[in-house]
Amino acid sequence: MSQFIFPIAPETQEERSLRSRVRLFLETERAAGGFEPAADCWVSGVAPAFSRKLGQMGWIGMTWPKAYGGHALPTLHRLVVTEELLVAGAPVAAHWIADRQSGAQILKFGTEQQKQSILPRIAAGECYTCVGMSEPQAGSDLAAVTTKATKTPTGWTLSGRKIWSTVAHISSYMLVLARTSPADGKNRHVGLSQFLVDLTLPGIEISGIRDIAGHTHFNEVVFDDVQLTDDALLGTEGNGWAQCMGELAMERSGPERFLTTFLLLEHALATMPEAIPPVIVGDLIARLSTLRIMSRGIAYRLQAGEHPDTEAALVKQLGNAFEKHLFATIRGIIAARPEAEVPVALLRLRDEVQLRLPANTLRGGTTEILRGVIARQLGVR
Amino acid sequence: MDAMLETTATRILTDHRESLDAAWVALEGSGLTRLWVSEAHGGYGMAPAEGFGLARLAGAHALPVPIADTLVASWLLSEAGLQSPVGRMSVLIEGWQRGIPFGDGADHVVRVQGRSLTLHRGPIASAYAAVGEDPLSDAGALTGAVIATGELHHDIALPLAALTRAAQMCGALEAALTLSIEFAGQRIQFGRALSKFQAIQHLLSEMSAEVAAASAALDAAVATVQPGTPLDLQAVAVAKFRAGLAAGTVCEHAHQIHGAIGYTQEYALARLTRRLWQWREDFGGESYWATELGRVALRNQTPLWPQLTARGE
Ligand SMILES: Cc1cc2nc3c(=O)[nH]c(=O)nc-3n(C[C@H](O)[C@H](O)[C@H](O)COP(=O)(O)OP(=O)(O)OC[C@H]3O[C@@H](n4cnc5c(N)ncnc54)[C@H](O)[C@@H]3O)c2cc1C
């Protein structure tokens, strides 16, 4: 039958009450001036104080064991929380990557000492991490990374250059993909390893890069003969490619791939409902509802210990397309009238979303790369 | 779908491709046409999902037999407290259709006007031409004697028929994708299989994403269906909308991948795409169901997100 599997996972009573609690918390925070809702908040909204509050509420590291500061809750509970945070436009960027992927990697591959010292701080919303995959000459072609780690008597020497590292400037650690031995002829996936790098070490230079809108949320990170201890090797030497693919599945699978522009729809509905025909509203509802069904299916499978990697790529791609469609639709409705007649806040939000939109189909794997991942699963590649 | 039912249905739909009458006799003989007849009326009273599963399977096999229409008719008759006659049945929801599917071979036609139901004797000869592959009879020509009347307790006819179409569509969508993958793997141009071209791979992956989305929306809607209660209109709307949307992309890409051979009557693709184009129009197209969803949302005074999450999907 179907090539891809998305089990139907109806919401449980606990999830519903969790959702209400998160919503109440966010309303209270917002009313108290704790934050201004922003589209794309998981990349742009850096607010350590807010992250710590979420940590206190128990909403970071939710699925991790209690021994490491986690809360041993189902993946679907985490999905409820992330959905609510995104829809509220809450400033969650500081801890987002640590919570979403780095923490899970450390949990899976880290030493006992690393797990005990790092994970509780992440769960508390105090310790942030970043992804060190891309390099100037290695984007979609990730296996082309040239950052190199060489064995020393006490550990490793790391040299190279990572780029586009979101939140590196506030992070304590970066998970770096580096070459530890040469490629095996044409097979470049061998000889790569992942390192957990303490960003306070000497020889590391982090410089911000301004994005299209002038914000500095991503960075270039240069490693100049950085001396790493033995335990900085995360997981197994030579297993870096597989580890990164697992990490990317977590990076791709969440609702941030279709909920970052929802704010624009909600705002348009609130301020100019008469301008939006029912057929348009329903079109967006139907597409979004389907994405939510699929996203729950992925969370359900992750919870069951499965690896819905291709499904994650598929939902990211559909989600990215939905966000573009939502923007084009709402923008079109706004464009039917003179700007002077449109609420200023709505125009601001439209412009903000426009400036963020091109990144969605790049970060976490471009549309073309994701299509390739899906095609491979179909057996045509 | 229950594994044994699925095996039986698949065997019948595969074995009797050449003889439609034999296919029908086998379907009836195995009881598959009575999955949705309640036990009180001599049927199996199977979980709704089994019937939707069968409709999906039938959609994939693309045989011109009124299995889905007969299932829907039997559900409506049971709902109205009436016995389902043996034989092929069709459905006419007054005000919705110009054509009655398989009217020319129907032993009986169930006609629904509002909540009133009448059972008519078939067949209806007068042909009505449309985009689809299956025969249609002009709805205006339904004059056969009324042999039973009943009342429905809920406005179930339209959503039930629409969701059944969505199920047939998901089957046909999967089949069109499979056919396209196979074709692209075999057809050689420029010295290599079409599937080696990235442009073709990307069309296929886009198709598969559409199929997966339609399928997820269908599964979610089917999971909400309970016999004897109204259907969840929201879930049905999402499913029929998503299947229709997928049909657009999948048919377009499938034809593009197949080239001229796909544009022939003989080749298997048209059997799927013509039905998809018909079924997406049947019982409310994407815009109809989107409008329904949008109206409900706009009437509600709360913001959209709490509405969406209140549904507990
Ligand atoms: C906002 C933002 C945040 C990011 N954050 C991080 C981060 O935290 N950590 C990190 O490691 N990286 C990060 N990235 C980098 C991101 O992963 C890369 O941008 C992405 O992998 C694409 O690489 P590239 O930009 O070098 O483009 P390229 O790989 O050069 O691609 C350019 C274009 O060519 C296409 N293309 C490339 N190869 C093929 C092919 N084989 N077939 C068809 N088309 C192809 C691509 O799809 C794209 O359209 C971020 C990027 C952005 C925009």
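Bear in mind the structure is a predicted one, so any value in this text is a computation, not a measurement.

Turning next to the packing of aromatic side chains. Enumeration according to the criterion identifies 13 aromatic pairs over all chains in this entry. Between A:Phe262 and B:Trp305 the ring centres are 5.5 Å apart and the planes differ by 70°, which places this aromatic pair in the edge-to-face class. One end of the pair, A:Phe262, is in helix α8 (residues 262-271); the other, B:Trp305, is in helix α10 (residues 304-310), on a second chain. According to the relative accessible area criterion, A:Phe262 is buried, its value standing at 0%. Look at B:Phe190 and B:Phe197: their rings are 6.3 Å apart centre to centre, the planes differ by 80°, and that puts the pair in the edge-to-face class. In this structure an aromatic cluster arises from ring pairing among A:Phe25, A:Phe35, A:Phe50 and A:Trp59. The ring of A:Trp156 has A:Lys151 sitting right over it, with the charged end atom 4.9 Å from the ring centre.

On to the site of the ligand, then. Neighbouring the ligand are 16 residues, the closest being A:Ser134, A:Ser140, A:Trp164, A:Thr366 and A:Glu368. Among the chains of the assembly, those with residues near the ligand are chains A and B. A:Trp164 is positioned such that a nitrogen or oxygen atom in its backbone is 2.8 Å from a nitrogen atom of the ligand. When the ligand is considered free in solution it has 960 Å² of accessible area, and contact with the protein chains removes 65% of it.

In this section: the pattern of salt bridges. As enumerated under the stated definition, the model contains 35 salt bridges over all chains in all. Note that A:Glu311 and A:Arg301 form a salt bridge whose closest N and O atoms lie 2.9 Å from each other. Separated by ten residues along the polypeptide, A:Glu311 in helix α10 (residues 309-335) and A:Arg301 in helix α9 (residues 278-303) bring together distant segments of the chain. Each member of the pair, A:Glu311 as well as A:Arg301, carries the same accessibility label: buried. Across the pair B:Arg165 and B:Asp282 runs a salt bridge, and its minimum N-O distance is 2.8 Å. Remark: B:Asp282 occurs in the loop between α8 (268-281) and α9 (286-299) and B:Arg165 occurs in helix α5 (residues 157-186); sequence separation between them is 117 residues. By relative accessible area, which is 4% here, B:Arg165 ends up buried. What you see here is one network of salt bridges that share partners, running through A:Glu11, A:Glu15, A:Arg19, A:Arg23, A:Glu83, A:Glu84, A:Arg292 and A:Arg296.

Counting 180 residues, the largest nonpolar core has B:Leu76, B:Leu163 and B:Leu204 as its most contacted members. Looking at which element gives the most residues to this core, the answer is α5(B), with 19 residues. Not counting chain neighbours up to four residues away, the residues in contact with B:Leu76 comprise B:Val91, B:Val110, B:Val112, B:Leu117, B:Leu152, B:Ile156, B:Ala157 and B:Leu160. Counting 31 residues, the second-largest nonpolar core is a separate cluster that includes A:Ala138, A:Leu142, A:Trp156 and A:Ala168.

Criteria and cut-off values
In every chain, residue numbers begin from 1 and rise along the written sequence. Starting at A for chains and at 1 for ligands, labels are handed out in the order in which the entities are written. Given that the model is predicted, a residue must reach a pLDDT of at least 70 before its local features are reported, and side-chain atom pairs must reach 80 or more before they are shown or counted; all residues, however, enter totals for whole chains, interfaces and linings. In computing side-chain properties, one takes all heavy atoms of the structure into account and sets aside hydrogens as well as water. Each pair of aromatic rings taken from Phe, Tyr and Trp, with Trp reduced to its six-membered ring, is defined by centres within 6.5 Å and is described as stacked if the planes are under 30 degrees apart, edge-to-face if over 60, and tilted in the remaining cases. Runs of H or I in DSSP of at least four residues are treated as helices and runs of E of at least two as strands, each being numbered from the N terminus. In this scheme, a residue with accessible area under 20% of its type's maximum is buried, one over 50% is exposed, and one in between is partly exposed, where area comes from a 1.4 Å probe on protein chains only. A ring is scored as having a charge over it whenever the NZ atom of a lysine or the CZ atom of an arginine sits within 6 Å of its centre and within 35 degrees of its normal. If even one non-hydrogen atom of a residue comes within 4 Å of a molecule or strand, that residue is called near it. By the criterion applied in these results, polar contacts are pairs of N or O atoms within 3.5 Å in which, for protein atoms, one can donate a hydrogen and the other can accept it, and in which residues neighboring in sequence qualify only through two side-chain atoms. Per-residue and other accessible areas follow the Shrake-Rupley method at a 1.4 Å probe size, with only the shown protein chains counted as cover for residues. Here, a salt bridge means any side-chain nitrogen of Lys or Arg that lies within 4 Å of a carboxyl oxygen of Asp or Glu. Side-chain atoms within 4.5 Å link the members of a nonpolar core, which is a set of buried Ala, Val, Leu, Ile, Met, Phe, Trp, Tyr and Cys residues. Whether two residues are in contact is decided by their heavy atoms: any pair within 4.5 Å suffices.

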